[in-house]
Amino acid sequence: MTHKTSKAFNVIGACRPDIHYMVNLAPKLKEIKRMIDNEYYFTINKARQYGKTTTLRALSKYLRNDYTVASLDFQQMSTSDLESESAFVHGMARELTRRVQFLDDIPDDTRHLLLQLSSRNPYRARLADIFDCFRGWCDHSPRPVVLIIDEVDTAADNQVFLDFLAQLRAAYLDRDITPAFQSVILASVYDIRNIQRKLRPDEQHKANSPWNIAARFRVDMSFSPEEIAGMLADYEADYHTEMDIPKMAQGIYSLTSGYPYLVSSLCRYLDEEIPGTKGFPDRAHAWTKDGLIEAEKLLVAENNTLFQSLTGKLTDYPQLRFVLYQLLFTGRPIPYVPQNPYIDAAQMFGFIKNDNGTAVISNRVFESVLYNLFRNCM
(Lines give C-alpha, C1' and ligand atoms only; values in the text may rest on other atoms or scores of the structure.)
Protein backbone atom coordinates (compact mmCIF):
# COMPACT_ATOMS: atom_id res chain seq x y z
CA MET A 1 0.00 0.00 0.00
CA THR A 2 1.33 3.42 -0.96
CA HIS A 3 1.75 5.78 1.97
CA LYS A 4 0.18 9.16 1.29
CA THR A 5 1.74 12.28 2.71
CA SER A 6 1.54 15.90 1.66
CA LYS A 7 5.09 16.72 2.73
CA ALA A 8 8.10 17.00 0.44
CA PHE A 9 11.69 18.23 0.44
CA ASN A 10 11.56 21.77 -0.86
CA VAL A 11 14.17 23.42 -3.10
CA ILE A 12 12.06 26.29 -4.43
CA GLY A 13 11.24 29.32 -2.29
CA ALA A 14 10.62 29.46 1.43
CA CYS A 15 9.87 26.26 3.35
CA ARG A 16 6.65 25.73 5.27
CA PRO A 17 6.52 23.22 8.12
CA ASP A 18 3.01 22.08 7.20
CA ILE A 19 3.99 20.89 3.72
CA HIS A 20 7.79 20.52 3.78
CA TYR A 21 10.26 18.40 5.68
CA MET A 22 12.40 20.87 7.65
CA VAL A 23 15.06 20.93 10.33
CA ASN A 24 14.00 22.24 13.71
CA LEU A 25 14.72 25.98 13.56
CA ALA A 26 13.81 26.67 17.19
CA PRO A 27 17.41 26.76 18.53
CA LYS A 28 18.46 29.24 15.83
CA LEU A 29 15.34 31.37 16.40
CA LYS A 30 16.05 31.44 20.12
CA GLU A 31 19.56 32.79 19.44
CA ILE A 32 18.22 35.45 17.09
CA LYS A 33 15.56 36.47 19.59
CA ARG A 34 18.27 36.97 22.20
CA MET A 35 19.86 39.55 19.89
CA ILE A 36 16.48 41.25 19.47
CA ASP A 37 15.90 41.26 23.22
CA ASN A 38 19.23 43.10 23.51
CA GLU A 39 18.03 45.77 21.03
CA TYR A 40 20.59 44.86 18.37
CA TYR A 41 20.31 46.09 14.79
CA PHE A 42 21.94 43.52 12.51
CA THR A 43 22.16 41.92 9.10
CA ILE A 44 21.75 38.33 8.00
CA ASN A 45 23.98 38.11 4.96
CA LYS A 46 24.32 34.61 3.55
CA ALA A 47 24.85 33.14 0.12
CA ARG A 48 21.97 32.45 -2.23
CA GLN A 49 19.43 29.84 -1.15
CA TYR A 50 20.82 29.57 2.36
CA GLY A 51 17.43 29.64 4.06
CA LYS A 52 17.31 33.36 4.88
CA THR A 53 13.67 33.87 3.89
CA THR A 54 12.54 30.65 5.55
CA THR A 55 14.28 31.70 8.77
CA LEU A 56 12.82 35.21 8.70
CA ARG A 57 9.29 33.94 8.18
CA ALA A 58 9.68 31.49 11.04
CA LEU A 59 11.17 34.28 13.16
CA SER A 60 8.15 36.54 12.57
CA LYS A 61 5.89 33.86 14.02
CA TYR A 62 8.32 33.05 16.84
CA LEU A 63 8.31 36.69 18.03
CA ARG A 64 4.56 37.26 17.98
CA ASN A 65 3.99 36.85 21.69
CA ASP A 66 6.53 39.50 22.65
CA TYR A 67 6.85 41.88 19.72
CA THR A 68 4.96 43.54 16.90
CA VAL A 69 6.78 42.45 13.74
CA ALA A 70 6.76 44.53 10.57
CA SER A 71 8.19 42.23 7.93
CA LEU A 72 8.93 43.45 4.40
CA ASP A 73 10.37 41.95 1.23
CA PHE A 74 12.04 44.51 -1.04
CA GLN A 75 11.40 42.22 -4.01
CA GLN A 76 7.81 43.47 -3.75
CA MET A 77 8.99 46.99 -4.53
CA SER A 78 9.24 47.92 -8.19
CA THR A 79 11.93 49.84 -10.04
CA SER A 80 9.71 52.91 -9.99
CA ASP A 81 9.60 52.72 -6.18
CA LEU A 82 13.34 53.42 -6.16
CA GLU A 83 13.39 56.33 -8.59
CA SER A 84 13.17 59.07 -5.96
CA GLU A 85 12.86 59.72 -2.25
CA SER A 86 9.15 60.32 -2.59
CA ALA A 87 8.59 57.14 -4.61
CA PHE A 88 10.60 55.12 -2.06
CA VAL A 89 8.47 56.41 0.82
CA HIS A 90 5.25 55.69 -1.08
CA GLY A 91 6.42 52.16 -1.93
CA MET A 92 7.56 51.32 1.59
CA ALA A 93 4.37 52.71 3.13
CA ARG A 94 2.31 50.70 0.62
CA GLU A 95 4.07 47.46 1.50
CA LEU A 96 3.85 48.16 5.24
CA THR A 97 0.14 48.92 4.93
CA ARG A 98 -0.38 45.62 3.15
CA ARG A 99 1.67 43.66 5.69
CA VAL A 100 0.14 45.10 8.87
CA GLN A 101 -3.50 45.18 7.80
CA PHE A 102 -4.18 41.89 9.61
CA LEU A 103 -2.35 42.83 12.82
CA ASP A 104 -4.61 43.92 15.66
CA ASP A 105 -2.08 45.92 17.69
CA ILE A 106 -1.23 48.69 15.21
CA PRO A 107 -2.18 52.16 16.54
CA ASP A 108 -4.95 53.80 14.53
CA ASP A 109 -2.82 56.90 13.90
CA THR A 110 -0.10 54.69 12.43
CA ARG A 111 -2.53 52.91 10.13
CA HIS A 112 -3.92 56.22 8.94
CA LEU A 113 -0.51 57.78 8.31
CA LEU A 114 0.80 54.72 6.47
CA LEU A 115 -2.25 54.73 4.26
CA GLN A 116 -1.78 58.43 3.59
CA LEU A 117 1.91 58.00 2.78
CA SER A 118 1.21 55.06 0.47
CA SER A 119 -0.77 57.32 -1.85
CA ARG A 120 1.28 59.13 -4.49
CA ASN A 121 -1.08 62.07 -4.07
CA PRO A 122 -1.68 64.75 -2.92
CA TYR A 123 1.89 65.66 -1.83
CA ARG A 124 5.53 64.63 -2.20
CA ALA A 125 6.51 62.41 0.69
CA ARG A 126 9.95 62.56 2.31
CA LEU A 127 11.95 60.09 4.36
CA ALA A 128 11.34 62.38 7.32
CA ASP A 129 7.60 61.70 6.96
CA ILE A 130 7.86 57.95 7.24
CA PHE A 131 10.33 58.23 10.12
CA ASP A 132 7.82 60.46 11.92
CA CYS A 133 5.37 57.61 11.36
CA PHE A 134 7.87 55.10 12.74
CA ARG A 135 8.47 57.20 15.86
CA GLY A 136 4.75 57.52 16.53
CA TRP A 137 4.24 53.81 15.94
CA CYS A 138 7.05 52.81 18.33
CA ASP A 139 5.81 55.32 20.92
CA HIS A 140 2.19 54.14 20.98
CA SER A 141 2.54 50.46 20.17
CA PRO A 142 1.51 48.18 23.07
CA ARG A 143 4.56 46.05 22.32
CA PRO A 144 8.06 46.85 21.03
CA VAL A 145 8.26 46.93 17.24
CA VAL A 146 10.76 44.89 15.19
CA LEU A 147 11.41 45.78 11.55
CA ILE A 148 12.55 42.97 9.24
CA ILE A 149 13.47 43.64 5.61
CA ASP A 150 14.35 40.75 3.31
CA GLU A 151 16.11 40.96 -0.08
CA VAL A 152 17.61 44.40 0.51
CA ASP A 153 20.00 43.63 -2.36
CA THR A 154 17.15 44.83 -4.58
CA ALA A 155 17.77 48.41 -3.46
CA ALA A 156 21.35 48.24 -2.27
CA ASP A 157 22.96 50.29 -5.06
CA ASN A 158 20.37 53.05 -4.73
CA GLN A 159 21.20 56.37 -3.05
CA VAL A 160 17.72 56.71 -1.53
CA PHE A 161 18.18 53.35 0.18
CA LEU A 162 21.54 54.49 1.55
CA ASP A 163 19.80 57.59 2.88
CA PHE A 164 17.18 55.34 4.46
CA LEU A 165 19.91 53.33 6.19
CA ALA A 166 21.49 56.54 7.43
CA GLN A 167 18.18 57.61 8.99
CA LEU A 168 17.78 54.20 10.62
CA ARG A 169 21.26 54.62 12.06
CA ALA A 170 20.39 58.07 13.38
CA ALA A 171 17.22 56.68 14.98
CA TYR A 172 19.24 53.88 16.58
CA LEU A 173 21.76 56.33 18.03
CA ASP A 174 18.96 58.54 19.43
CA ARG A 175 16.78 55.71 20.78
CA ASP A 176 17.42 56.81 24.36
CA ILE A 177 15.78 60.14 23.49
CA THR A 178 13.10 59.33 20.91
CA PRO A 179 11.09 56.12 20.35
CA ALA A 180 12.66 53.72 17.84
CA PHE A 181 12.41 50.13 16.67
CA GLN A 182 13.44 47.53 19.21
CA SER A 183 15.51 45.89 16.48
CA VAL A 184 16.04 46.14 12.74
CA ILE A 185 17.05 43.08 10.72
CA LEU A 186 18.20 43.34 7.11
CA ALA A 187 18.71 40.21 5.02
CA SER A 188 20.76 39.94 1.85
CA VAL A 189 23.62 38.16 0.16
CA TYR A 190 25.87 41.19 0.41
CA ASP A 191 27.10 42.50 3.74
CA ILE A 192 25.12 45.72 4.19
CA ARG A 193 27.79 47.11 6.49
CA ASN A 194 29.96 47.36 3.37
CA ILE A 195 27.13 48.13 0.99
CA GLN A 196 28.74 51.19 -0.53
CA ARG A 197 31.58 49.19 -2.02
CA LYS A 198 29.65 46.29 -3.33
CA LEU A 199 27.51 45.93 -6.36
CA ARG A 200 29.48 46.58 -9.54
CA PRO A 201 32.95 45.05 -9.72
CA ASP A 202 34.27 48.13 -11.58
CA GLU A 203 32.76 50.53 -9.05
CA GLN A 204 35.11 52.70 -7.01
CA HIS A 205 35.29 51.55 -3.40
CA LYS A 206 33.79 53.92 -0.86
CA ALA A 207 33.98 54.15 2.91
CA ASN A 208 31.77 55.26 5.81
CA SER A 209 28.95 52.77 5.49
CA PRO A 210 25.60 54.07 6.75
CA TRP A 211 25.06 50.71 8.47
CA ASN A 212 28.15 50.57 10.66
CA ILE A 213 25.97 50.17 13.75
CA ALA A 214 25.16 46.57 12.85
CA ALA A 215 25.96 43.96 15.49
CA ARG A 216 27.82 40.84 14.43
CA PHE A 217 25.45 38.03 13.44
CA ARG A 218 26.97 34.80 14.74
CA VAL A 219 24.06 32.37 14.42
CA ASP A 220 25.13 29.35 12.35
CA MET A 221 22.47 28.92 9.66
CA SER A 222 23.96 25.76 8.19
CA PHE A 223 22.42 22.43 9.20
CA SER A 224 24.34 20.22 11.60
CA PRO A 225 24.30 16.41 11.26
CA GLU A 226 21.98 16.31 14.28
CA GLU A 227 19.55 18.78 12.69
CA ILE A 228 19.57 16.82 9.43
CA ALA A 229 18.93 13.64 11.42
CA GLY A 230 15.88 15.24 13.03
CA MET A 231 14.45 16.06 9.61
CA LEU A 232 15.14 12.53 8.39
CA ALA A 233 13.42 11.11 11.46
CA ASP A 234 10.25 12.97 10.47
CA TYR A 235 10.53 11.50 6.99
CA GLU A 236 11.20 8.03 8.36
CA ALA A 237 8.07 8.25 10.51
CA ASP A 238 6.09 8.66 7.28
CA TYR A 239 7.82 6.11 5.02
CA HIS A 240 9.52 3.52 7.27
CA THR A 241 12.49 2.96 4.95
CA GLU A 242 14.62 1.53 7.79
CA MET A 243 17.45 3.85 6.79
CA ASP A 244 20.34 4.32 9.21
CA ILE A 245 19.41 7.88 10.14
CA PRO A 246 22.68 8.95 11.88
CA LYS A 247 24.84 7.58 9.06
CA MET A 248 22.64 9.04 6.34
CA ALA A 249 22.60 12.44 8.07
CA GLN A 250 26.39 12.38 8.44
CA GLY A 251 26.77 11.37 4.80
CA ILE A 252 24.60 14.25 3.62
CA TYR A 253 26.49 16.65 5.86
CA SER A 254 29.88 15.45 4.63
CA LEU A 255 28.87 16.33 1.04
CA THR A 256 27.17 19.66 1.78
CA SER A 257 28.66 21.00 5.03
CA GLY A 258 25.04 21.69 5.93
CA TYR A 259 24.32 24.16 3.08
CA PRO A 260 20.48 24.16 3.31
CA TYR A 261 19.70 24.09 -0.43
CA LEU A 262 22.16 21.27 -1.07
CA VAL A 263 20.81 19.24 1.87
CA SER A 264 17.25 19.55 0.59
CA SER A 265 18.31 18.81 -2.99
CA LEU A 266 20.02 15.55 -2.06
CA CYS A 267 17.03 14.53 0.05
CA ARG A 268 14.64 15.36 -2.78
CA TYR A 269 16.60 13.12 -5.16
CA LEU A 270 16.60 10.30 -2.62
CA ASP A 271 12.86 10.68 -2.11
CA GLU A 272 11.55 11.44 -5.59
CA GLU A 273 14.05 10.68 -8.35
CA ILE A 274 16.12 7.66 -7.39
CA PRO A 275 13.45 5.18 -6.17
CA GLY A 276 12.30 3.09 -9.13
CA THR A 277 15.53 3.45 -11.09
CA LYS A 278 18.02 0.68 -11.84
CA GLY A 279 19.43 -0.73 -8.63
CA PHE A 280 17.01 1.23 -6.45
CA PRO A 281 13.57 -0.37 -6.74
CA ASP A 282 12.06 1.56 -3.84
CA ARG A 283 12.75 4.19 -1.17
CA ALA A 284 14.33 1.66 1.18
CA HIS A 285 17.05 0.97 -1.40
CA ALA A 286 17.44 4.67 -2.23
CA TRP A 287 18.14 5.84 1.32
CA THR A 288 21.49 4.06 1.48
CA LYS A 289 25.16 4.89 0.90
CA ASP A 290 24.87 3.87 -2.75
CA GLY A 291 21.72 5.93 -3.14
CA LEU A 292 23.46 8.98 -1.71
CA ILE A 293 26.34 8.55 -4.17
CA GLU A 294 23.82 8.51 -7.01
CA ALA A 295 22.03 11.58 -5.61
CA GLU A 296 25.33 13.47 -5.50
CA LYS A 297 26.00 12.64 -9.16
CA LEU A 298 22.59 13.92 -10.17
CA LEU A 299 22.95 17.10 -8.14
CA VAL A 300 26.42 17.95 -9.47
CA ALA A 301 25.12 17.48 -13.03
CA GLU A 302 22.27 19.97 -12.46
CA ASN A 303 22.23 23.41 -14.02
CA ASN A 304 20.20 24.91 -11.20
CA THR A 305 19.88 28.58 -10.27
CA LEU A 306 22.34 28.29 -7.38
CA PHE A 307 25.11 26.89 -9.57
CA GLN A 308 24.32 29.46 -12.26
CA SER A 309 24.61 32.24 -9.69
CA LEU A 310 27.96 30.90 -8.45
CA THR A 311 29.49 30.53 -11.89
CA GLY A 312 28.15 33.94 -12.90
CA LYS A 313 30.14 35.51 -10.07
CA LEU A 314 33.34 34.14 -11.64
CA THR A 315 32.61 36.27 -14.68
CA ASP A 316 31.71 39.34 -12.64
CA TYR A 317 34.75 38.99 -10.36
CA PRO A 318 37.65 37.49 -12.39
CA GLN A 319 39.97 37.46 -9.37
CA LEU A 320 37.66 34.93 -7.73
CA ARG A 321 38.41 32.54 -10.56
CA PHE A 322 42.13 32.79 -9.75
CA VAL A 323 41.57 32.21 -6.01
CA LEU A 324 39.35 29.19 -6.58
CA TYR A 325 41.69 27.73 -9.20
CA GLN A 326 44.54 27.94 -6.70
CA LEU A 327 42.46 26.12 -4.07
CA LEU A 328 41.33 23.39 -6.46
CA PHE A 329 44.46 22.60 -8.46
CA THR A 330 47.66 23.80 -6.79
CA GLY A 331 47.24 22.39 -3.30
CA ARG A 332 48.81 25.57 -1.99
CA PRO A 333 47.10 26.75 1.24
CA ILE A 334 45.59 30.22 1.09
CA PRO A 335 45.27 32.09 4.40
CA TYR A 336 41.73 33.12 5.26
CA VAL A 337 42.16 36.90 5.53
CA PRO A 338 38.73 38.59 5.52
CA GLN A 339 40.35 41.96 4.86
CA ASN A 340 41.38 40.60 1.45
CA PRO A 341 38.45 41.72 -0.76
CA TYR A 342 38.60 38.58 -2.90
CA ILE A 343 38.63 36.24 0.08
CA ASP A 344 35.77 38.28 1.57
CA ALA A 345 33.80 38.10 -1.68
CA ALA A 346 34.42 34.36 -2.09
CA GLN A 347 33.10 33.75 1.42
CA MET A 348 30.13 36.09 0.95
CA PHE A 349 29.02 34.32 -2.22
CA GLY A 350 29.38 30.91 -0.55
CA PHE A 351 32.41 29.57 -2.44
CA ILE A 352 34.72 29.19 0.54
CA LYS A 353 34.75 28.93 4.32
CA ASN A 354 37.27 29.51 7.07
CA ASP A 355 38.89 26.28 8.25
CA ASN A 356 41.17 27.20 11.17
CA GLY A 357 42.59 30.21 9.37
CA THR A 358 42.82 28.59 5.94
CA ALA A 359 40.44 29.21 3.03
CA VAL A 360 38.84 25.99 1.75
CA ILE A 361 36.04 25.27 -0.72
CA SER A 362 32.74 25.36 1.20
CA ASN A 363 31.66 21.79 0.54
CA ARG A 364 32.32 18.74 -1.62
CA VAL A 365 29.39 19.44 -3.94
CA PHE A 366 30.72 22.92 -4.80
CA GLU A 367 34.18 21.43 -5.15
CA SER A 368 32.90 18.96 -7.78
CA VAL A 369 30.88 21.61 -9.61
CA LEU A 370 33.82 24.03 -9.76
CA TYR A 371 36.28 21.30 -10.70
CA ASN A 372 34.08 20.27 -13.64
CA LEU A 373 33.68 23.91 -14.68
CA PHE A 374 37.42 24.64 -14.68
CA ARG A 375 38.27 21.34 -16.36
CA ASN A 376 35.83 21.96 -19.20
CA CYS A 377 37.04 25.55 -19.65
CA MET A 378 40.71 24.64 -19.99
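This one's a predicted model, so the numbers in the text were calculated from it and none came from an experiment. (Residues numbered from 1 in each chain as written. Predicted model: local features only at pLDDT ≥ 70, side-chain atom pairs only at ≥ 80, totals over all residues. Heavy atoms only, no water.)

Comments concerning the sheet that holds strand E1 (residues 42-45)
- Taken in spatial order, the four strands make up an open sheet running E1-E4-E3-E2, and their pairing is parallel. Either end of the sheet is taken by a strand with one partner, and the two such strands are E1 and strand E2 (68-73). With strand direction ignored, the average angle separating the axes of adjacent strands in the sheet is 15°.
- In the sheet, E1 pairs with strand E4 (residues 183-188) via four bridges, with the strands oriented parallel. Among the inter-strand pairings, Ile 44 is bridged to a residue of E4, identified as Ala 187.
- Lying over the sheet, helix H1 (residues 26-37) contacts E1, strand E3 (145-150) and E4, oriented at roughly 155° with respect to E1. (Pairing = 2+ DSSP bridges. Helix = DSSP H or I, 4+ residues; strand = E, 2+ residues; numbered from the N terminus. Axes fitted to C-alpha atoms, helices over the stretch in contact; angles between N-to-C directions. Contact = heavy atoms within 4.5 Å.)

Let's talk about helix H9 (residues 260-273)
- Compared with an ideal rise of 1.5 Å per residue, which puts 14 residues at 20 Å, H9 spans 19 Å between its outermost C-alpha atoms and is within 8% of the ideal.
- Counting buried positions over the 14 residues of H9 gives twelve, a clear majority of the element.
- For H9, every residue scored as buried is listed here: Pro 260, Tyr 261, Leu 262, Val 263, Ser 264, Ser 265, Leu 266, Cys 267, Arg 268, Tyr 269, Leu 270 and Asp 271.
- Those residues of H9 hidden inside the fold are in contact with helix H7 (225-239), helix H8 (245-256), helix H10 (283-286), helix H11 (289-300), helix H12 (305-316) and helix H15 (364-377). (Expected span 1.5 Å × (residues − 1). Buried < 20%, exposed > 50% of the residue type's maximum accessible area, 1.4 Å probe, protein only.)

Describing the environment of Glu 272
- Checked against the element boundaries, Glu 272 lands in helix H9.
- Under the relative-accessibility criterion, Glu 272 is labelled partly exposed at 40%.
- Remark: the alpha-carbon pair of Glu 272 and Thr 330, spanning 58 residues in sequence, is separated by 38 Å.

Some remarks on the packing of helix H3 (residues 85-100) against helix H5 (residues 127-140)
- The contact between H3 and H5 brings their axes to 8 Å, and the two run at 30°. Our classification of the angle between H3 and H5 gives roughly parallel. Contacts between H3 and H5 involve Glu 85, Phe 88, Val 89, Met 92, Ala 93, Leu 96 and Val 100 from the first element and Leu 127, Ile 130, Phe 134 and Trp 137 from the second. (Parallel < 35°, antiparallel > 145°, perpendicular 65-115°, else oblique.)

A short note on the packing of aromatic side chains
- Across all of its chains, the model carries 23 aromatic pairs by this definition.
- For the ring pair Tyr 317 and Phe 349, a centre distance of 5.4 Å and an interplane angle of 50° mean the geometry is tilted. Placement of Tyr 317 in the loop between H12 and helix H13 (318-330) and of Phe 349 in the loop between helix H14 (341-348) and strand E6 (352-355) is noted, with a sequence separation of 32 residues between them. Assigned by exposure class, Tyr 317 and Phe 349 land together as buried.
- An aromatic cluster is present here, built from Phe 74, Phe 88, Phe 131, Phe 134, Phe 161, Phe 164 and Phe 181 joined pairwise through their rings. (Phe/Tyr/Trp six-rings, centres within 6.5 Å; stacked < 30°, edge-to-face > 60°.)

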